[in-house]
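Take a look at the letters that make up each chain.
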Amino acid sequence: MKAGWTLEDINWDAFDRSKVDPEIVKLIKAASMVEYNGADYTDYLCNVFSDDPEFQDAARKWGREEIQHGQALAAWAEKVDPSFDFDASFKRFVEGFRPDVEATESIRGSRSGELVARCIVETGTSSFYSAIAEATDEPVLQQICRAIAADEFRHYKLFYDALRRYLDIEGLGKLGRLKVAVSRINETEDDELSYAYYAANLYGVEEYDRERCHRLYMAPVYKNYRRQHMDKAVAMIAKASGIRLYDPVRKTVAGIMLNRIHKQADKYEAVREAA
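Residues numbered from 1 in each chain as written. Predicted model: local features only at pLDDT ≥ 70, side-chain atom pairs only at ≥ 80, totals over all residues. Heavy atoms only, no water.

## Notes on a nonpolar patch on the surface
Consideration 1: Taken together, L175, L178, V182 and I243 make up a surface patch of nonpolar side chains, about 320 Å² in accessible area.
Consideration 2: Inspection of the secondary structure puts L175 in helix α7 (residues 174–186).
Consideration 3: Taking relative accessible area as the criterion, L175 reaches 56% and is therefore assigned exposed. (Patch = residues over 30% accessible without salt bridge, like charges linked within 9 Å, V, L, I, M, F, W, Y side chains within 5 Å. Areas by Shrake-Rupley, 256 points an atom, 1.4 Å probe, with all protein chains shown as cover. Salt bridge = Lys/Arg side-chain N within 4 Å of Asp/Glu carboxyl O. Helix = DSSP H or I, 4+ residues; strand = E, 2+ residues; numbered from the N terminus. Buried < 20%, exposed > 50% of the residue type's maximum accessible area, 1.4 Å probe, protein only.)

Okay, structure coming up:
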């Protein structure tokens, strides 16, 4: 789908309930809230880059697109499950998880570090939506996820271009960039995704358990990753970190990472079934 798409561009009439995967529905409900929360992250980025109106304008456009992602995913989830109340779930989500939107300096230690972290986030989201688009047979969700994935690849470029500009100003070295990248990758285990899964799927059924919700969310996510997704993700992470990986090395690293997350998916799935 072209850049600048809207909800009206989605072919909602193509919806096929017989091709809906219940586990993917749970992921989409959670993802809709994380995406829709783009306004908070826009405020944060505009605070961190308070004297950079060019970047602020780009960040605001990014935020509007993130919110639209959330709206599209929520509309699909409500079509699948009319009992899903997105507004109520989102209210629970932001009450349970809220980034520090009042911060005036990056939690990454520098603006360059912040932009590396944003590149890592876009790497993860572009991989996620690419994987879901290929894993689902439901036509409308395929269209939505492909459109979102294309946006996320563009968003990566937005943050990477800004990173190159700030590297000239701040001089953050490759080791510093790599440390930020690794740190941000590890944050997939923090409360944001876990609490989004809980607020969308388990609220009122059981008490919040971060580790359990993390496993319930990540098991089907990891299961749907394929070699092409990991190859692309490794290349994007290396680029943001300032590391040049030749093809044989990149493919080896991607293979190791894919094997690791598939084993993790099996482990999480076993825990889920036992529970």
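## What to know about the side chain of E138
Consideration 1: Structurally, the position occupied by E138 is in the loop between α5 (111–135) and α6 (139–170).
Consideration 2: An unpaired buried charge is present at E138: no salt bridge exists, and K19, the closest side chain of opposite charge, is 8.0 Å distant.
Consideration 3: Once residues lying within four places of it in the same chain are set aside, the contact partners of E138 are A14, F15, D16, K19, V20 and W76. (Lys, Arg positive; Asp, Glu negative; His and termini not counted. Contact = heavy atoms within 4.5 Å.)

## Some words on the packing of helix α8 (residues 191–201) against helix α9 (residues 210–223)
Consideration 1: Orientation of α8 relative to α9, taken along the N-to-C sense of each, is 85 degrees, at an axis distance of 8 Å. With respect to α9, the axis of α8 lies roughly perpendicular. Contact residues: α8 offers D191, L193, S194, Y197 and Y198, while α9 offers R210, C213, H214, L216 and Y217.
Consideration 2: The residue inventory of the contact of α8 with α9, partitioned by class, reads six nonpolar, two polar and two charged. (Axes fitted to C-alpha atoms, helices over the stretch in contact; angles between N-to-C directions. Parallel < 35°, antiparallel > 145°, perpendicular 65-115°, else oblique. Nonpolar A, V, L, I, M, F, W, Y, C, P; charged D, E, K, R; others polar.)

## Quick look at the environment of D168
Consideration 1: Tracing the backbone shows D168 in helix α6.
Consideration 2: A sequence separation of 136 residues divides D168 from S32, and the C-alpha atoms of the two residues are 36 Å apart.

## Details of the packing of helix α1 (residues 22–36) against helix α4 (residues 86–96)
Consideration 1: In the contact formed by α1 and α4, the axes pass within 10 Å of each other and the chain directions differ by 65 degrees. Pair α1 / α4 crosses with right-handed handedness. On α4, the residues touching S32, M33, V34 and Y36 of α1 are F86, S89, F90 and F93.
Consideration 2: Residue classes in the contact of α1 with α4 are distributed as six nonpolar, two polar and no charged. (Left-handed = near helix turned anticlockwise from the far one by under 90°.)

## Re the nonpolar core
Consideration 1: W76, F93, F128 and Y217 are the most contacted members of the largest nonpolar core, which has 84 residues in total.
Consideration 2: With 14 residues, the top contributor of residues to this core is α6.
Consideration 3: Residue contacts for W76: discarding those within four places in its chain leaves W12, F15, V20, V25, I28, E138, V140, L141 and I144. (Core = buried A, V, L, I, M, F, W, Y, C linked by side-chain atoms within 4.5 Å.)

## Observations regarding the packing of aromatic side chains
Consideration 1: Summed over the entire model, instances satisfying the criterion amount to 19 aromatic pairs.
Consideration 2: Relative to F86, the ring of F84 lies with its centre 6.5 Å away and its plane at 70 degrees, an arrangement referred to as edge-to-face. Of the two residues, F84 and F86, neither departs from the other in class, the shared state being buried.
Consideration 3: Through a chain of ring-to-ring contacts, the aromatic side chains of Y36, F84, F86, F90, F93 and F97 assemble into a single cluster.
Consideration 4: The aromatic ring of Y41 is capped on one face by R118, whose charged end is 5.6 Å from the ring centroid.
Consideration 5: In this arrangement the basic side chain of K239 is found over the ring face of Y160, its NZ or CZ atom lying 4.6 Å from the centre. (Phe/Tyr/Trp six-rings, centres within 6.5 Å; stacked < 30°, edge-to-face > 60°. Lys NZ or Arg CZ within 6 Å of the ring centre and 35° of its normal.)

## Overview of helix α2 (residues 38–48)
Consideration 1: Burial runs high along α2: eight of the 11 residues are buried.
Consideration 2: G38, D40, Y41, T42, Y44, L45, C46 and V48 are the residues of α2 that are buried.
Consideration 3: Taken together, the buried residues of α2 touch α1, α3 (53–80), α5, α6 and α8.

Scope: geometric values only; no functional claims are made or implied.
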